[in-house]
Structure formats: structure tokens, C-alpha cells
Amino acid sequence: MIEYRNIHKAFDLPVLTGVDMRVETGEMFALFGPSGTGKSVLLKTTIGLVLPDMGEVEVDGISVYRGGRGAVEAVRQKVGYVFQHSALFDSLHVFDNVAMGIPEDVLARMPRNETAVKVWEALELVNLEPREILSKIPSELSGGMKKRVGIARAIIGRPEVLLWDEPTTGLDPINTAAVERLIEQLSTELQVTSLLVTHDVEGGLMICDRVAMLDSGTIRFCGTPDEFRACPDPVVQAFVDRAAAEAALDMVSESYD
Amino acid sequence: MNHQSPGALPRHNAITEWFAGVGRTTYITLEHAGGLGILFGQIVVAIVSLKVSIRSVLNQMYIMGIQSLPIVLVTGSLAGIVTSQQGGYQMTSAVPDYVLGSLVVETVVLEMGPVLTALVLVGRIGARITAELGTMVVSEQIDAFKSLGRDPVAILAAPRVIAGVLVLPLLVGIADLIGILAGVQAANITVGLGQESFYFGARLFWHSWDLTYSATKAIVFGLSIPLISVHMGLKTKGGAEGVGLTTTQAVMFMTLTILILDAMFPPLLLN
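Residues numbered from 1 in each chain as written. Chains lettered and ligands numbered in written order. Predicted model: local features only at pLDDT ≥ 70, side-chain atom pairs only at ≥ 80, totals over all residues. Heavy atoms only, no water.

Draft legend 1. Structural view of the pairing of strand 2 (residues 14-23) of chain A. Residue and element names in this part refer to chain A. Bridge analysis of strand 1 (residues 2-10) against strand 2 gives 7 bridges, and the strand direction is antiparallel. Across the sheet, residue Glu3 finds its bridge partner in strand 2, namely Arg22. Here strand 1 folds back onto strand 2, and the loop between the two strands holds 3 residues. (Pairing = 2+ DSSP bridges. Helix = DSSP H or I, 4+ residues; strand = E, 2+ residues; numbered from the N terminus.)

Draft legend 2. Looking closely at unusual backbone geometry. Residue and element names in this part refer to chain A. In the Ramachandran plot, Asp60 falls in the positive-phi region, its phi being about 45° despite a non-glycine side chain. Relative to the helices and strands, Asp60 resides in the loop between strand 4 (54-59) and strand 5 (62-63). For Glu166, which is not glycine, the phi dihedral falls at a positive 45°. Among the secondary structure elements, Glu166 is positioned in the loop between strand 7 (161-165) and helix 8 (173-189). Accessibility expressed as a relative area gives 5% for Glu166, which makes it buried. (Buried < 20%, exposed > 50% of the residue type's maximum accessible area, 1.4 Å probe, protein only.)

Draft legend 3. Structural view of the environment of A:Lys39. Residues and elements named next belong to chain A. Within the secondary structure, Lys39 sits in helix 1 (residues 39-45). Through-space distance from the C-alpha of Lys39 to that of Lys136 is 32 Å; in sequence the pair is 97 residues apart. Dropping the residues within four chain positions of it, Lys39 is found in contact with Leu31, Phe32, Gly33, Pro34, Glu166, Val197, Thr198, His199 and Leu214. (Contact = heavy atoms within 4.5 Å.)

Draft legend 4. Summary view of the packing of aromatic side chains. Residues and elements named next belong to chain A. Applying the stated rule across the entire model yields 9 aromatic pairs over all chains. Consider the rings of Tyr81 and Phe83, whose centres lie 4.4 Å apart with planes at 35°: the pair is tilted. Under the relative-accessibility criterion, Phe83 is labelled buried at 2%. Ring-pair connections join several aromatic residues into one group, and the members of that group are Phe32, Phe221 and Phe228. (Phe/Tyr/Trp six-rings, centres within 6.5 Å; stacked < 30°, edge-to-face > 60°.)

Draft legend 5. Layout of a nonpolar patch on the surface. Residue and element names in this part refer to chain B. Taken together, Ile15, Trp18, Phe19 and Val22 make up a surface patch of nonpolar side chains, about 460 Å² in accessible area. Tracing the backbone through its elements, the reader meets Ile15 in helix 1 (residues 14-48). Residue classification places Ile15 among the exposed positions, given a relative accessible area of 57%. (Patch = residues over 30% accessible without salt bridge, like charges linked within 9 Å, V, L, I, M, F, W, Y side chains within 5 Å. Areas by Shrake-Rupley, 256 points an atom, 1.4 Å probe, with all protein chains shown as cover. Salt bridge = Lys/Arg side-chain N within 4 Å of Asp/Glu carboxyl O.)

Any link to function would need more than the numbers given here.
In C-alpha cells:
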């Protein structure tokens, strides 16, 4: 379970102004919102990559900001984070990139062949052919492959929570659908709690148990996908309409390509 | 007619602007000094807790040392040649020619060798480290390290700083040696000073402390260049433009630091 309580964060301007949100254990939860509303910032507060100015985050009962360094490390061991642009280490081969997802102390004691088996399994889970890509460096991979390697790195340590930061950004509709299927499949197979930050409203509504919308620094809506579609709030409606129009535009431009 | 409302702040004038500028500069300087202090402390902790990979240190030593060798050899030899030529030009009949040997050796060992080698490494290594780490920041690779429970200071910063401290004294030693050898040849060609006279003059005014002085400078510069470049790289914000801006600032910052530290050495260690 992830719980955000009264999260405030400002950079030059306030971004988050009192976010309260709760993601239940085993749930698939999507967070929507216009660009620049602080969705990724909120996600990063979960594992201490961005420190909130005020407020508290708890992951499975561990307080991220009151438990000191040990608590942050404990939370990071529980959580797998999929970055928006994959964030693969560009000087390392795919093998080493994925192996990095194994906790440092475990990796240090693990025989090389056992690490190889784990990396192989993780790559197969994300529908990649390990033999073909293990020795490649990130610059030799396509955008979709990078995303999958990033996902493999996030899941290899068998996390209890998966945080997805716009995993379909920059992908064409076919790859977007494939990654969304993968998110659903992995969340079910690994029985993890998933928090998905995405611009792809339709995709999020299809695969998630509950959704929320962040607007002007606070949670504007939180409920089931059906409740979201039927929400009378004009701001939510405008967002849904705009997202649908953008999706349709994407489809049209893709068909022209 | 005055349109300024009663509660409005007074208009900025040149004096308030000047004070604001001083305040901003002081704030930025203190912020960097604090950041460098914290980073240095974190590096020491990483070293003491044996978190630094020897392989990474050796890799950085290869990049900083072996790959910098050609440019250091060129710079060192040119420093020796130029000092020898200009020294020879300024010699008068009142000063014995062999004094040129002392002039060249002392100038190369005390000043030209350490400073020119450090400035070359600012451009070759410092800029590279800042750009590399800055790119890792903006592409979220540093965040990825943290999210995977890895310490970016132990993995990225410490090996570079250790390598800098170990490699720069060696490079300065090589630059000193090659500078002196080139100076001998240049003295022979320009003022006809033989090798024996050159070395006689060099020995006459030589203090063994000079070598310690040169090595101390090299160690301090070897610590400063990677420390500043890592600090600046990790503070990068924005995209490609941010990386470019930070790299430029880092080169300026490192160059100024080297020159200021260089000016502080004589009163501290030569009196």
C-alpha cells in the first residue's frame, strides 16, 4: 500500500499543494493529469528522488521521510521504478543494465551464472529475445526495446511495488498497446501494487482498477474507471475529451505515416 | 505626476543593483562551497566504507592518465622550449649563461609543469566529466542509480576523484621532465649553452623542496579538477542546453580555481 498525505512541493512555483492519495496493496492505479501538474514529481517522492517540502509518504507502512536513510533504502528495495525515457546506463551492456536491478548486496554474493539466468528470465518476461540483445548497448536498441529493458531492470529484483512513469510516452500506437498489455500482464503475474502515471487515458482506464486525476496541485478526482468516465466535473470532462481528441489525432497521424 | 503606489518598493538604482549583485555572487559562491564540502565528505565516506570499485578507479586512471599523455608531452616540452628561449633572450653579459639552467628548471618545476598540465586537464578531463554526469542527470540515469539502491557518489564521483589525485602528480612529473629536457635542447640551439653548463646552473639553485612543492600542487589540482567537475555535473538542470551551460561554467570555475590556488601556493609553501 502506498499512501501520500498532504504532499506539498514547489520549485520556482508551487507544483503540488496538498496531495492526499492512497493506492491499495495489489491494486493497479493510474494517475492522470495535464502536463506540468506534478505527476512525475509525486511519483518520485515515493522513493525519495524528490523531497517534498511538506507531507508524508508511506509504502507498506514504512514512512519514507521520518525513518531516515534506512527507511528510504528499505522502500527502494521494495519498489521497481520504470523511468519515462528508460534511463538505461548508456555505457553498460543490456546484461549489466538489467543485472543492476538486483539489490547490490545480493548481486555481490550471486554467482555469475545465476545472475545470467535471472537476467535471461527478466528479459523473457518482457517479451525480448535475450540472445539477441544481451551484449548490445542502449544506443543500439529501438525506443520500444529500451522501454522493455527498463521494465526488465525494474522487475528483476522482484519488487512488491511498481511505479511506472509514463511508460508509453514516445511510442507508436502498436508499441503503446504492447507495453500496456505488458504492464497488465506483469502486474498480475508478479502480484505487485502498480502506480501508473500516464497521458494515455484510454489505456489507463482499460487496465487499471482505480484512477485519479491531478489538477492544479491537488487530486481532482479519485475513483473507478467507470466513475471517471461518468464524472460530471467539467474539468475532468474537458480533460477526458481533450485526451480522446489527442488519441484520435495520434491515430490519424500514425495512419498517414 | 507620480503613479507609484504608496506601498510599492522603491525603484532599483545602481547602488541597490550593485549590492544585489554582490549578494547573489556571495550566495552562489557559498552554495558551491557547501556543495563541494558535502560531496568531498560523501566521497571520503564511500572510500572508507570500501564502496569504490578498484576497476572503476583504474579505468578512470587510464582515461585521465594514458589518454592525456600526448597533450601533456606537447604542453610540457613547449613550456620548456619557450622558457628557455625567452630566458636566453633576456640574458645579458652581466649574468652568466649557466643561470639559464636554473631559470628553466625552476620555472618548469615550480610553475609551468603543474599549472599548464592542470589547465590542459581542465579542458580534456574536467569538461568531459561535467558533460558526462550532466547528461546522466538530465536523462534520469542518476535517479535510476538511486532508485536501484546504488550510491552515485561511490560509483561515479569517488573513482574520478581518486584517479585525479593519483594521476595528476605522475603527469606533472612527466611534464616537468620533458619540459627540462626540451629546455636543455632549446638553450643549446638559441644561446649555445651546453648541457653540462645548463645542469650546473640548475643544480646551483636547486632545492629538493621544489619537487615536493610541484607534487603538492599537482595533488591539490588533481583533487580540485574532478571534484569541481563532478559537483557541477551533478547540479545540471534542464536538457541539452543545461548540459552545455553547466559545462561552460564548470570550465570557468575550474580554471579560476586552479589560478587562485596557484597564487596561494608561494606564500604558503615557498616562504
